[in-house]
Amino acid sequence: MNRNDENPVFERVVEEYNKNAPEGLEAKFGKKTWYREIHLNERGIKSEVHYEFCDNRDDRNVSADIHLQHPDVAYLADTLHTFDGKKLPETGGIMKISDAHRRKYGVLSVEFPYDEPAENIANAMHELIKITLGTIEEKYKEGTPETV
């Protein structure tokens, strides 16, 4: 499978997540076949901070992530580090800081092999959002000028 081909494993994960995604938190943004972003714009957070499913084909896994993609939100990296090494209670995934995305200013990732049930990976994203979003929102608003 080349990088631009759709991966049915990855597509099933995204479909499973979107079945129960809260309104406004659907995984629908992405121009390539290997990622789908969940934007937080409706919550007052710019898209430089978003959740993302990644199809990590070289490693044969799918990850549920939080990405920081701009220097203006790099201050949130310290917040991501507070979750590093913690286990998602229902799906068993381990949150870890990822160095795989060198152009990002911080990535917290939970990885699952391709043979993990799609529903479990989708549920991991639901858990990741449930556990981290409140803290991310609070710290984002503390560190963001009113003009943003």
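Since this is a predicted model, take the numbers as computed values, not measurements.

Engineer: What am I meant to see in the sheet that holds strand β1 (residues 35-39) here?
Structural biologist: Whenever strands of a sheet pair, they do so through backbone hydrogen bonds, lying parallel or antiparallel. The strand order across the open sheet built from five strands is β1-β2-β3-β5-β4, with neighbouring strands paired in antiparallel fashion. Here the strands that pair on one side only, and so sit at the sheet edges, are β1 and β4 (96-97). Across the sheet, helix α1 (residues 8-19) lies against β1, β2 (49-56) and β3 (61-68), angled at about 145° from β2, the strand it touches most. Contacts from helix α3 (residues 118-143) reach β1, β2, β3 and β5 (106-113) within the one sheet, and its direction differs from that of β2 by about 155°.

Engineer: Is there a simple way to explain the side chain of Ser63 in this structure?
Structural biologist: With respect to the helices and strands, the residue Ser63 is situated in strand β3. Looking at Ser63, its side chain comes within polar contact range of the side chain of Asn56, at 3.1 Å. At a separation of 3.0 Å, a polar atom in the side chain of Ser63 contacts the side chain of Asp65. Here Ser63 is in contact with Glu52, Phe53, Cys54, Asn56, Ser109, Val110 and Glu111, once residues within four sequence places are set aside.

Engineer: Is there a simple way to think about the packing of α1 against α3 in this case?
Structural biologist: To characterise two packed helices, one gives the angle between the axes of the helices and the distance between these axes. At a minimum axis distance of 8 Å, the contact between α1 and α3 shows a crossing angle of 50°. Judged by the inter-axis angle, α1 sits oblique to α3. You can see that α1 and α3 cross each other, and the crossing is right-handed. Residue-level inspection shows Arg12, Val13, Glu16 and Tyr17 of α1 in contact with α3, the latter providing Ala118, Glu119, Ile121, Ala122, Met125, His126 and Ile129. Class assignment of the residues belonging to the contact of α1 with α3 gives a composition of seven nonpolar, one polar and three charged.

Scoring rules and cut-offs
Residues numbered from 1 in each chain as written. Predicted model: local features only at pLDDT ≥ 70, side-chain atom pairs only at ≥ 80, totals over all residues. Heavy atoms only, no water. Pairing = 2+ DSSP bridges. Helix = DSSP H or I, 4+ residues; strand = E, 2+ residues; numbered from the N terminus. Contact = heavy atoms within 4.5 Å. Axes fitted to C-alpha atoms, helices over the stretch in contact; angles between N-to-C directions. Polar contact = N/O pair within 3.5 Å; in protein donor to acceptor, adjacent residues only side chain to side chain. Parallel < 35°, antiparallel > 145°, perpendicular 65-115°, else oblique. Left-handed = near helix turned anticlockwise from the far one by under 90°. Nonpolar A, V, L, I, M, F, W, Y, C, P; charged D, E, K, R; others polar.

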